[in-house]
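Observations on the three-dimensional arrangement
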Amino acid sequence: MQELAAVKLEVKKSRFYAHLYEIDSPDDLAGILALHRERYRKAAHHCTALRFGAPSGTVELSRNDGEVGTPGRALLAVLEKHALDRHALVVSRIFGGTKLGPGGVTRAFRDAGEGAVSSGQ
């Protein structure tokens, strides 16, 4: 596993920390999540997406981690859009006190993920 990029996005005082990783196996995600839980202790949610091309087919995973909306699917769509197939996106959110609603949360996670991908390419 190798971290390719990290960006911070702030939306209505909530902070979104997005990281793009190149992975060797889908099993790398557990270690990445442990790292994020340690690094961003105040974050209530660590949403993830992973695409890994293998001879038996592409593995795709996404998790919302209890967040409203569909941020995991939005992050997976970012990986698909940029044809990244040995990568994981993890976005950790620290709540800023203003509710964004399901659509706003999904957009913020997607925008943070796009920022990480743009920085990593």
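Residues numbered from 1 in each chain as written. Predicted model: local features only at pLDDT ≥ 70, side-chain atom pairs only at ≥ 80, totals over all residues. Heavy atoms only, no water.

Going by the annotation in an unreviewed UniProt entry, the name recorded for the chain is YigZ family protein, with Methanofollis tationis given as the source organism. Checking UniProt for the chain, the heading Sequence similarities (unreviewed entry) contains the comment "Belongs to the IMPACT family." (UniProt positions renumbered as here; feature names shortened; annotations may be inferred.)

Across soluble globular proteins, nonpolar side chains have a tendency to be buried as a group. Residues Phe 16, Leu 20, Leu 89 and Val 91 are the most contacted members of the largest nonpolar core, which totals 19 residues. Contributions of two or more residues to this core are made by strand 2 (14–22), strand 3 (45–54), helix 2 (71–81), strand 5 (86–94) and helix 3 (101–120). Those residues in contact with Val 91 that lie beyond four places of it in its chain are Phe 16, Tyr 17, Ala 18, His 45, His 46, Cys 47, Leu 75, Phe 109, Ala 112 and Gly 113. Of all hydrophobic cores here, the second largest spans 9 residues; its members include Tyr 21, Ile 32, Phe 52 and Ala 88. (Core = buried A, V, L, I, M, F, W, Y, C linked by side-chain atoms within 4.5 Å. Buried < 20%, exposed > 50% of the residue type's maximum accessible area, 1.4 Å probe, protein only. Helix = DSSP H or I, 4+ residues; strand = E, 2+ residues; numbered from the N terminus. Contact = heavy atoms within 4.5 Å.)

This next bit is on unusual backbone geometry. Here the phi dihedral of Asp 65 falls at roughly 50°; this positive angle occurs in a residue that is not glycine. Here the phi dihedral of Ala 83 falls at roughly 55°; this positive angle occurs in a residue that is not glycine. Tracing the sequence through the fold places Ala 83 in the loop between helix 2 and strand 5. Of the residues examined, Ala 83 reaches a relative accessible area of 58% and is grouped as exposed.

In the numbering adopted here, UniProt assigns the feature "domain: Impact N-terminal" (unreviewed entry) to residues 12–115. Counted over residues 12–115, helix gives 37% and strand 34%. Its end C-alpha atoms are 17 Å apart.

On to the packing of aromatic side chains. Following the criterion strictly, the structure yields 2 aromatic pairs and no others. Summarising the aromatic geometry, the rings of Phe 16 and Phe 109 are spaced 5.1 Å apart at their centres and angled 85° between planes, so their arrangement reads as edge-to-face. Here Phe 16 is found in strand 2, whereas its partner Phe 109 is found in helix 3, with 93 residues between them in sequence. Summarising the aromatic geometry, the rings of Tyr 17 and Tyr 40 are spaced 4.5 Å apart at their centres and angled 20° between planes, so their arrangement reads as stacked. Taken together, the residues Tyr 17 in strand 2 and Tyr 40 in the loop between helix 1 (28–39) and strand 3 connect sequence positions 23 residues apart. Both residues of the pair, Tyr 17 and Tyr 40, belong to the buried class. (Phe/Tyr/Trp six-rings, centres within 6.5 Å; stacked < 30°, edge-to-face > 60°.)

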